[in-house]
Amino acid sequence: MIRIAAVGDVHLGQDAQGRLRPALEHLPERADVLLLAGDLTRHGTPEEARIVAREFGGLGVPVVAVLGNHDHHSDAVAEVTAVLGGEGGIEVLEGNGVVLPVDGTRLGVAGVKGFGGGFEGRCASAFGEPEMKAFVGHTLDIAGSLRSALASLDADVRVALTHYSPVPDTLHGEPQEIYPFLGAYQLGEAIDESRAALAVHGHAHSGCEHGVTPGGVRVRNVAQPVIRSAFALYCLDEATP
Ligand SMILES: [Fe+2]
Ligand SMILES: [Fe+2]
């Protein structure tokens, strides 16, 4: 049994030190790993990343993260990633994966930020202006990275970690007009090709927790306003496809 704790969209600003820590102190008794689904900061500054590093560092379980759109806002992704990894010991994924031993089982986590574009029947296409081609091209590049990262995991159980949603199910509660800015179906296609056991995302603050990909992979929106808790907990066993 693998116990996965997950949360996203904590949006920690410089005034947020210690806000989550009390609820995380006993995490090793309840979970084997903590996944952070992006939007860890408010504006993506290295100073805010230091708050995140202190809040989630040294918890006694591995912490694996992807960044969100907010974490990109200050164009300081490299520095934010370095602070989270260096001061917090947090493994930040973008188009790669990590394999963690959990009680003799190899848990593989592959992560990307993801991007928008929408879902089948109501999605953007790479046609017309260069700006539109660039928008959809970014989605396609990231979905391709997720597909490769998942395929390269030498693991018994695979989990996909993104910020943007791979399915529309977990967006219910959000205005339909903004679905194309909340996720993209190509992420779901990449996950379905991988036989992942679970897909975890954030970003949709007004969405809902539970969804499933067209191929049957469980999807969980762990945005903190959705789970209304310091983290959500999911249990997987090795027999999970
Ligand atoms: Fe967010
Ligand atoms: Fe976001």
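The rules behind the values
Residues numbered from 1 in each chain as written. Chains lettered and ligands numbered in written order. Predicted model: local features only at pLDDT ≥ 70, side-chain atom pairs only at ≥ 80, totals over all residues. Heavy atoms only, no water. Donors = N, O, S within 2.8 Å, 3.2 Å for Na, K, Ca; no water. Tetrahedral: all angles 85-135°; square planar, octahedral: opposite > 155°, others 65-115°. 1 Å grid on protein atoms, 1.4 Å probe; cavity = no way out; pocket = protein on both sides within 12 Å on 5 of 7 lines; lining within 4 Å. Points joined across faces, edges and corners; volume = space filled by probe spheres on them. Nonpolar A, V, L, I, M, F, W, Y, C, P; charged D, E, K, R; others polar. Buried < 20%, exposed > 50% of the residue type's maximum accessible area, 1.4 Å probe, protein only. Helix = DSSP H or I, 4+ residues; strand = E, 2+ residues; numbered from the N terminus. Pairing = 2+ DSSP bridges. Right-handed = clockwise from strand over helix to strand, strands pointing away.

## Observations regarding the coordination of the iron ion (ligand 2)
On the protein side, the iron ion (ligand 2) has Asp39 (OD), Asn69 (OD1), His163 (NE2) and His203 (ND1) as donor atoms, found 2.1 to 2.2 Å from it. In this structure, the iron ion (ligand 2) is coordinated by 4 donor atoms arranged in irregular fashion, with angles at the metal of 89 to 156 degrees. Donor residues binding the iron ion (ligand 2) come from one chain and are separated in sequence as D-x29-N-x93-H-x39-H. Between the iron ion (ligand 2) and the iron ion (ligand 1) the interatomic distance amounts to 3.4 Å, and aspartate 39 serves as a bridging ligand to the pair.

## So, the layout of surface pockets
Approximately 150 Å³ is the volume attributed to the largest pocket. If you trace the largest pocket, you find it lined by Gly118, Phe119, Glu120, Arg122, Pro168, His172, Gln176, Tyr179 and Pro180. Among the residues forming the lining of the largest pocket, the class breakdown is 4 nonpolar, 3 polar and 2 charged.

## Considering the pairing of strand 9 (residues 157-162)
The element strand 9 is largely enclosed, with a buried count of 6 among its 6 residues. Here strand 9 shows two buried faces, one formed by Val157, Val159 and Leu161 and the other by Arg158, Ala160 and Thr162. By the bridge criterion, 6 bridges tie strand 6 (residues 105-112) to strand 9 in an arrangement that is parallel. Looking at the pairing, valine 109 lines up with valine 159 of strand 9. Bridge count for strand 9 against strand 10 (residues 198-201) is 3 bridges, and the pairing is parallel. Residue pairing for strand 10: leucine 161 is matched across the bridge by valine 200. With helix 6 (residues 185-192) bridging strand 9 and its parallel neighbour strand 10, the resulting β-α-β unit is right-handed.

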